[in-house]
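Given next are the chains, with one letter for each unit.
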Amino acid sequence: MIGLIAATAAGAAARDRLAAAWPDRTRVYGGPVADAVRAAFAECDRLVCFLATGAVVRLVAPLLAGKASDPGVVCVDEAGRFAVSLLGGHGGGANELAREVGEVLGAEPVVTTATDAVGLPGLDTLGLPVEGDIAAVSRALLDGEPVALRAEVTWPLPPLPVAAEGAYTVRVTDRLAEPADGEAVLRPPTLVVGVGASKGAPVEEVLALVEDALREAGLSRASVAELATVDAKAGEPGLVEAARRLGVPLVTYPAGELARVAVPNPSDAPLSAVGTPSVAEAAALVGGGELVVPKRKSAGSPAMATCAVVRRPGRGRLAVVGLGPGARDLLTPRARDELRRASVLVGLDQYVDQIRDLLRPGTRVLESGLGAEEERARTAVAEARRGQAVALIGSGDAGVYAMASPALAEASDDIDVIGVPGVTAALAAGALLGAPLGHDHVSISLSDLHTPWEVIERRVRAAAEADLVVTFYNPRSRGRDWQLPKALALLAGHRASTTPVGVVRNASRADESVRLTTLAALDPATVDMMTVVTVGNTATRQIAGRMVTARGYRWQEEAR
């Protein structure tokens, strides 16, 4: 919950705007300001104070307990010009909150955390438990000193400017190890603990079994991702409470699915009780991985619980990112986040140049020219399979005439895939033209490089007969000058010569041009590969210099 505190009418107005924008995330605190701050500090994860920073410093100073427990605090000035991350920038989430507040109120976020200022990911912002000499290692990264990366397990990390050797180290491990001087240890969630339990198994017995198994195997409790068991035990109180105390989910599987998992230590007891010869080992192994602790029993007499531990390999991450039509303000916030999260960026050289300044230091860039689509698709998937966090970029939406399709055709279920939508060329052009896509519409590429013309022609003919608005991508190049006239002729057989046609070149870019013409008057020679051509349907009209396709609302028809 985010606590909101204001002292003046202007502050209260901005506070109320934030409360209206985030009704489920915020709580307004009234009354004397000092009392409000104390109450919000104790009850909320984060605070937004519409007060001077000096006043907030004095109010929260007596309340501070420690970096790990204090809420994040953001200050907004009376004029709503700045949202200042004052306290708990990383751990408390104030840096991100300042950015979010800025988006709602139109304020400039002010973030002074050193790593954020220079574009480095903070070691405590990676979503992984971290311990050791975090401050010293972070300072070394900031100062450009050599910091070595020791990855004992694979995990898709964001870019870090690390070296092969260095006086400081970032260690990625699920092993139970004390950090050395000058070492920060990241604990990825690689361990799955399979558990079986008799009815009424005490939580203390379950926890003691799990913790003993981890300790004796030299594994860290902080790297446990989940407890896993059979569906029949989903409500077993000892297992439910053990998962809660470990801070991980209790994941369950049907007995039939577990029975199909090959295990080294099957038993007749669980087979007769729940329908599978193994619960602990099978539940841990069902998602694959290495069995690092075979089934063992608890110390009770009789033993009421079993457990096994599996190390699952870190799954690589492939984000397929749409960059939009070119203008920086049409690049979505989610796309920006993915670009900064990726340790490897794969893309067409000219698209890489568009966003190179957004990448974090240490990002490995793999760029290639036109015609290398197969190489880019396979490279992106291969890097993800090595456990990297990869961003594969495309213009517009990467799933529309771009790299998502060939890349995902190469990928299997051994990597995580995230699609990040982008503003397409058709949408950007449509916004410039007016509202040509107001009713049913279709996009068709006229490039026959990878699609036979016979197929393209059949699709154009179908769109013409169905009276769909058509947006043509890749309409004409120096080597392909006849396809657009042919496509226009097909449409002309089903709609009037006066049908509006929009021609937009380099939508949203510096040399953007927009023309509105008709099906009869369009000169194909004025069109090139940087152009999107939108042909209206029988309901499309030119209205006040704009291209509008009627939606067909009854009230519009009645008003005519």
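Definitions and limits used
Residues numbered from 1 in each chain as written. Predicted model: local features only at pLDDT ≥ 70, side-chain atom pairs only at ≥ 80, totals over all residues. Heavy atoms only, no water. Helix = DSSP H or I, 4+ residues; strand = E, 2+ residues; numbered from the N terminus. Buried < 20%, exposed > 50% of the residue type's maximum accessible area, 1.4 Å probe, protein only. Areas by Shrake-Rupley, 256 points an atom, 1.4 Å probe, with all protein chains shown as cover. Lys, Arg positive; Asp, Glu negative; His and termini not counted. Charge placed at Lys NZ, Arg CZ, Asp CG, Glu CD. Salt bridge = Lys/Arg side-chain N within 4 Å of Asp/Glu carboxyl O. Phe/Tyr/Trp six-rings, centres within 6.5 Å; stacked < 30°, edge-to-face > 60°. Arc of directions from axis to C-beta. Contact = heavy atoms within 4.5 Å. Pairing = 2+ DSSP bridges. Axes fitted to C-alpha atoms, helices over the stretch in contact; angles between N-to-C directions. Parallel < 35°, antiparallel > 145°, perpendicular 65-115°, else oblique. Nonpolar A, V, L, I, M, F, W, Y, C, P; charged D, E, K, R; others polar. Core = buried A, V, L, I, M, F, W, Y, C linked by side-chain atoms within 4.5 Å. Polar contact = N/O pair within 3.5 Å; in protein donor to acceptor, adjacent residues only side chain to side chain.

Details of the overall build of the protein
And step 1. Scanning the protein for helices and strands turns up 19 helices and 28 strands.
And step 2. Summarising its shape, the C-alpha atoms of the protein cover approximately 90 × 65 × 55 Å along the three principal directions.
And step 3. Per-residue burial for the protein yields a buried fraction of 46% across its 560 residues.
And step 4. Summed over all atoms, the accessible surface of the protein reaches about 25,800 Å², with 52% contributed by carbon and sulfur.
And step 5. If the 57 positive side-chain charges of the protein are averaged to one point and the 66 negative ones to another, these points end up 3 Å apart.

Here we look at the pattern of salt bridges
And step 1. As enumerated under the stated definition, the model contains 34 salt bridges in all.
And step 2. For E100, the salt bridge is made with R25, and the minimal N-O distance between the two is 3.1 Å. Placement of the pair is E100 in helix 4 (residues 94-105) and R25 in the loop between helix 1 (9-21) and strand 2 (26-29), with a sequence separation of 75 residues.
And step 3. Take R25: its relative accessible area is 29%, and that puts it in the partly exposed class.
And step 4. Residue D414 pairs with R385 through a salt bridge whose shortest N-O separation is 3.2 Å.

Focus on the packing of aromatic side chains
And step 1. Inspection of the entire model under this criterion finds two aromatic pairs.
And step 2. With a centroid separation of 4.7 Å and an interplanar angle of 55°, the aromatic rings of Y401 and Y473 are classed as tilted. You can see Y401 sitting in the loop between strand 19 (389-394) and helix 15 (404-410) and its partner Y473 sitting in strand 23 (residues 469-473), a full 72 residues away along the chain.
And step 3. Of the residues examined, Y401 reaches a relative accessible area of 43% and is grouped as partly exposed.
And step 4. Judged by its relative accessible area of 11%, Y473 is buried.
And step 5. With centroids separated by 5.1 Å and ring planes inclined at 70°, the aromatic side chains of W453 and W482 adopt a geometry described as edge-to-face. Within this pair, whereas W453 is found in helix 17 (residues 453-465), its partner W482 is found in the loop between strand 23 and helix 18 (483-492), the two being separated by 29 residues in sequence.

Structural notes on helix 2 (residues 33-43)
Because an α-helix completes one turn every 3.6 residues, residues spaced three or four positions apart along the sequence face the same direction.
And step 1. Along helix 2, the positions that sit buried rather than exposed are A36, V37, A40 and F41. Viewed end-on, helix 2 has its buried residues packed into an arc of 125°, placing them on one side of the element.
And step 2. Contacts made by the buried residues of helix 2 are with strand 1 (2-6), strand 2, strand 3 (46-50), helix 3 (53-60), strand 4 (72-76) and strand 5 (82-87).

Digging into the pairing of strand 15 (residues 305-311)
A regular strand places its side chains so that they alternate between the two faces of the sheet.
And step 1. Burial runs high along strand 15: seven of the seven residues are buried.
And step 2. Because side chains alternate across strand 15, one face comprises the buried residues A305, C307, V309 and R311, and the other comprises T306, A308 and V310, equally buried.
And step 3. With seven bridges connecting them, strand 11 (residues 191-197) and strand 15 associate as antiparallel partners. Of the residues in strand 15, the one forming a bridge with V193 is V309.
And step 4. Sheet analysis places strand 14 (residues 290-297) next to strand 15, joined by five bridges and oriented antiparallel. Within the sheet, the bridge partner assigned to L291 lies in strand 15 and is V310.

Quick look at the sheet that holds strand 23
And step 1. Spatial ordering of the open sheet is given by 22-23-26-24-25, a layout of five strands whose pairing is mixed. Bordering the open sheet on either side are strand 22 (441-445) and strand 25 (513-518), each of which pairs with just one other strand. Taken pair by pair, the neighbouring strands of this sheet meet at an average axis angle of 20°, ignoring direction.
And step 2. Examined bridge by bridge, strand 24 (residues 500-505) and strand 25 share six bridges and lie antiparallel to one another. Bridge pairing in strand 25 places G502 opposite L516.

Some details on the packing of helix 1 against helix 4
And step 1. Put simply, helix 1 and helix 4 touch, their axes get as near as 10 Å, and they point 100° apart. Taken together, helix 1 and helix 4 sit at an angle that is classed as roughly perpendicular. On the side of helix 1, the interface is formed by A14, R17, L18 and A21, while helix 4 contributes V101, V104 and L105.
And step 2. The class makeup of the residues in the contact of helix 1 with helix 4 is six nonpolar, no polar and one charged.

Focus: the nonpolar core
And step 1. Residues V193, V195, L214, L227 and V309 are the most contacted members of the largest nonpolar core, which totals 24 residues.
And step 2. Breaking this core down by element, the ones donating at least two residues are strand 11, helix 7 (203-216), strand 12 (224-230), helix 8 (237-246) and strand 15.
And step 3. For this core, the leading source of residues is helix 7, giving seven residues.
And step 4. In this structure, V195 is in contact with V210, L227, A228, T229, L239, V279, A280, T306 and C307, ignoring residues within four places of it in sequence.
And step 5. Core analysis: the second largest hydrophobic core is formed by 21 residues, I444, F472, L484 and A487 among them.

A word on the sheet that holds strand 17 (residues 344-348)
The pairing of strands in a sheet comes from backbone hydrogen bonds and takes either a parallel or an antiparallel form.
And step 1. Across the sheet, which stays open at both edges, the five strands sit in the order 18-17-19-16-20 with parallel pairing between neighbours. Two strands in the sheet have a free side with no partner beyond their single neighbour: strand 18 (364-368) and strand 20 (416-420). Neighbouring strand axes in the sheet, compared pairwise and without regard to direction, differ in orientation by 15° on average.
And step 2. In the sheet, strand 17 pairs with strand 19 via three bridges, with the strands oriented parallel. Within strand 19, the position partnered with V344 by the bridge is V390.
And step 3. The strands touched by helix 12 (residues 333-341) are strand 16 (317-322), strand 17, strand 19 and strand 20; relative to strand 16, the strand with the most contacts, the crossing angle is about 140°.
And step 4. Here helix 14 (residues 373-385) sits on the sheet and contacts strand 16, strand 17, strand 18 and strand 19; the angle it forms with strand 17, its principal contact strand, is near 170°.

A word on the environment of E236
And step 1. By secondary structure assignment, the location of E236 is in the loop between strand 12 and helix 8.
And step 2. Judged by its relative accessible area of 9%, E236 is buried.
And step 3. Each C-alpha atom, one on E236 and one on K199, is 7.0 Å from the other, the two residues being 37 residues apart in sequence.

Some thoughts on the environment of D511
And step 1. Its place among the elements puts D511 in the loop between strand 24 and strand 25.
And step 2. For D511, a relative accessible area of 45% corresponds to the partly exposed category.
And step 3. Measuring from C-alpha to C-alpha, the distance between D511 and T540 comes to 27 Å, with 29 residues separating the pair along the chain.
And step 4. Discounting residues that sit within four places of it in the chain, D511 has contacts with R505 and N506.
And step 5. At a separation of 2.9 Å, a polar atom in the side chain of D511 contacts the side chain of N506.

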